[in-house]
There are 2 protein chains.
Amino acid sequence: MAISVRDVAREAGVSVGTVSNVLNRPAMVSPSTVTRVTEVIERLGFVRNDAARQLRAGRSRSFGLVVLDARNPFFMDVTHGAQQRALDNGYSVLMGASDDSVSNEGRLLDLFEEQRVAGLLISPVRTDLSRLWRIREAGTPVVLVDRGSGDQSFSSVSVNDVEGGRIAAQHLIDASRRRIGFVGGPMEIEQVRHRLEGAQSVVAAVPGASLEIFGTKALSVFEGRAAGERIAALPAARRPEAIFAANDLLAMGVLQALVMSGKVRVPEDIALVGYDDIAFAESAVVPITSVRQPAVEIGRTAVDVLLREAEAGPDAVREQFVFTPKLVQRASTGAGLPARP
Amino acid sequence: MAISVRDVAREAGVSVGTVSNVLNRPAMVSPSTVTRVTEVIERLGFVRNDAARQLRAGRSRSFGLVVLDARNPFFMDVTHGAQQRALDNGYSVLMGASDDSVSNEGRLLDLFEEQRVAGLLISPVRTDLSRLWRIREAGTPVVLVDRGSGDQSFSSVSVNDVEGGRIAAQHLIDASRRRIGFVGGPMEIEQVRHRLEGAQSVVAAVPGASLEIFGTKALSVFEGRAAGERIAALPAARRPEAIFAANDLLAMGVLQALVMSGKVRVPEDIALVGYDDIAFAESAVVPITSVRQPAVEIGRTAVDVLLREAEAGPDAVREQFVFTPKLVQRASTGAGLPARP
DNA sequence: CCATTGAATTGAAACGATTCATAATCTGGT
DNA sequence: ACCAGATTATGAATCGTTTCAATTCAATGG
């Protein structure tokens, strides 16, 4: 049905090998032949069959990307950066969301293994990386995204979440808040733990400061709203003076609940810091101060690392990229507060 | 290197054909053989090579999806719906964003053609569909998403954008606004044209009503903000009494600019209607009234149509699904306004 | 006990691009 | 005219799976 190299070869009066060479190493073919074959390819509308090419090559020209939540703007940006960079290098990206479920993650990995992806970018759901070890041993480079492997046994591109938590908490302390609330969860998520940890380390070092945890079941606007309602319902004296939310979706939910309650002013009564600096943090009811992660850059860098590792083969040096997040100050923590030096 | 059916066959003492049968039609193989082969597959860690499978089958088990902007929440939802429905039918989705660029779109189509995708879902950048014709003639079903083909030569799943524009404008007229501004562009985008057209048809029918166009270079918050600044800078008497933005991102930008200018109150001085009803429209400074498109449903339906068309072969009947959008009223057009019957 | 049927299994052909050892052709130097 | 060396071109083998006509085997009925 479809046109194959054989058809092109016949029509151009050359061998299939030559057609393949025109496609892949034109320098090896005489200019006149290149023109002739190219013309025939154009005329017949020949399109390479990637499956055959892959079969011969042993691996595909696409990467697998497994994110925790495809609809989270942070991962959207990571995906965007990765897709961009991959496309520039002639690769495509197979994207899938694990939605925090181990079985979804497993199914995606099955799929990607069958496709013989040239590399794997993943934000793993769990800390057990044994499956990833096996995949790498089978020859597929693996790069962890937004998640350092404690033991550096995998290359990774991540953001220093502990430092991010520290930056957020310090900002609130600098704004003279002492009783701080942390909204986030579930604690199974490493990023949540790390951000909390950073905040705790700051609070612990300041006499008179305290940190209260308001747990959530997911990192969503909905869960944030629920937490915000819980906080608004507290007697005024028991409410925290500031809240650090584990991501911006939560922060937006918290903000909505606080504002709608009518009992709490932001930032006067409660200052609020989010995390991720998604595009919409800026356009919330009160623009939200947030800790920005260079999401697009993370996606791009992850692909770069993957390309290098694929190039270098199984004994590649592991690279640990750690970006440092930075505070983007907005109205939710008041204007004119001194920025931390 | 990797384990193949041949290895499994040798180890289990059967032929390769039998291994393949165990994998694809276990009913044809005796139970005892199934168990034995399955056990060997497990033990050797055999993983099917999808490239070989595809090569034999002639086409892949994935669909290509080309959206205009992967970061736009509307398309995220479409993608989500498509992925869901595809997975339910044993297909995966290759997603790519054209970012409104003809060359990006071309590269993605090249890639998808080489992958021999089983079908193509696309929101085309331009109105020239000749390339899509060729693809379909080569045997790949094509479904246009969020974009009707005027001549019905392609199946499509879209929303009636003209009607959407009408609904938005009528809502503003009902709120006693007469001088209406339209923020949107570039006009090359069909959706923008249609929404404008709908609004114009309503305005034209109301004596004393007028529509002024504020062009933008893209459908982004940034461009919306720029347009909003232009509007805020106008002398009060020359400002429109209401604004219809071609999508919610623009509307959010406009809103930010108006509010930050300090000169304009929303909705008192200027009422605002957006389009798409993205999740964040609700959590803007002033919750934004918007025209909602059933995005997830669109993605699902598009896959359904694609499946039917793939089933029916080249002479399939073209289906034109047109959803009607509906107004979601919020504070940006004032509370308690009468909803249109 | 043979013939017939049906189930289970086999093994070679096919899919289409790439590779690589080999062959053909061309250069220019003597 | 001849040859060495460089440049081009060839085509069979290969990748791993699926398919399908052919074969084997066992069971059933006459």
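In the block above lies the structure referred to throughout.
What counts, and at which threshold
Residues numbered from 1 in each chain as written. Chains lettered and ligands numbered in written order. Predicted model: local features only at pLDDT ≥ 70, side-chain atom pairs only at ≥ 80, totals over all residues. Heavy atoms only, no water. Near = heavy atom within 4 Å. Polar contact = N/O pair within 3.5 Å; in protein donor to acceptor, adjacent residues only side chain to side chain. Helix = DSSP H or I, 4+ residues; strand = E, 2+ residues; numbered from the N terminus. Contact = heavy atoms within 4.5 Å. Least-squares fit on C-alpha atoms with pLDDT ≥ 70 in both. Pairing = 2+ DSSP bridges. Axes fitted to C-alpha atoms, helices over the stretch in contact; angles between N-to-C directions. Nonpolar A, V, L, I, M, F, W, Y, C, P; charged D, E, K, R; others polar.

Asks: How should the protein's contact with DNA strand C be read in this particular structure?
Replies: In the neighbourhood of DNA strand C, 23 residues make up the surrounding shell, with Val5(A), Arg56(A), Ser15(B), Thr18(B) and Thr33(B) lying closest. Taking the atoms of DNA strand C that fall within 4 Å of the protein, sugar and phosphate contribute 68% of them. Between DNA strand C and the protein, one listed contact pairs a phosphate oxygen with a side-chain N or O atom of Asn24(A) at 3.0 Å. Those elements that provide at least two residues to the surface near DNA strand C are helix H2 (16–24) and helix H4 (50–57) of chain A together with helix H2 (16–24) and helix H4 (50–57) of chain B.

Asks: Mind showing me how you'd approach the environment of Asn160(A) here?
Replies: Residue and element names in this part refer to chain A. Mapping Asn-160 onto the fold places it in the loop between strand E5 (155–159) and helix H8 (161–174). When the C-alpha atoms of Asn-160 and Thr-324 are compared, they prove to be 5.5 Å apart, with 164 residues separating the residues in sequence. Beyond its immediate stretch of four places on either side in the chain, Asn-160 contacts Tyr-275, Val-322, Phe-323 and Pro-325. For Asn-160, the side chain forms a polar contact with the main-chain nitrogen of Val-162, separated by 3.3 Å.

Asks: Explain the relation of the copies chain B and chain A to me, please; I cannot follow it from the model alone.
Replies: Taken together, a rotation about one axis and a shift along it account for how the two chain copies relate. Note on the identical chains: chain B maps onto chain A by a rotation of 177 degrees and an axial translation of 0.1 Å, with an RMSD of 0.7 Å. Such a combination of turn and shift is consistent with a two-fold rotation axis. No C-alpha of chain B approaches the rotation axis more nearly than that of Val285(B), which lies at 1.8 Å. Taken together, the interface assignments show that 89% of the residues at the interface of chain B recur at the interface of chain A, consistent with an identical surface on both copies.

Asks: Would you take a moment to explain the sheet that holds strand E1 (residues 62–67) of chain B for this structure?
Replies: All names here are of chain B. Strands sit in the order E2-E1-E3-E4-E5-E11 across an open sheet of 6 strands; the sheet is parallel. Looking at strand neighbours, the two that pair on one side only are strand E2 (92–97) and strand E11 (320–323), the edges of this open sheet. Strand-to-strand twist in this sheet, taken as the mean axis angle between neighbours without regard to direction, amounts to 15 degrees. Of the strand pairs in this sheet, strand E3 (residues 119–122) and strand E4 (residues 142–145) are connected by 3 bridges, and their pairing is parallel. Among the inter-strand pairings, Leu-120 is bridged to a residue of E4, identified as Val-142. Across the sheet, helix H7 (residues 130–137) is in contact with E3 and E4; its angle to E4 comes to roughly 145 degrees.

Asks: Explain the protein's contact with DNA strand D to me, please; I cannot follow it from the model alone.
Replies: Around DNA strand D lies a shell of 25 residues, among which Ser15(A), Thr18(A), Thr33(A), Val5(B) and Arg56(B) are the nearest. For DNA strand D, the fraction of protein-proximal atoms (within 4 Å) that sit in sugar or phosphate groups is 68%. Contact between DNA strand D and Ser20(B): a phosphate oxygen at 3.1 Å from a side-chain N or O atom of the residue. Of all the secondary-structure elements, those providing two or more residues to the surface near DNA strand D are H2 and H4 of chain A together with helix H1 (5–12), H2 and H4 of chain B. Considering each element in turn, the surface near DNA strand D owes the most residues, 4 residues, to H2(A). Classifying every residue of the surface near DNA strand D by side-chain character gives 8 nonpolar, 11 polar and 6 charged.

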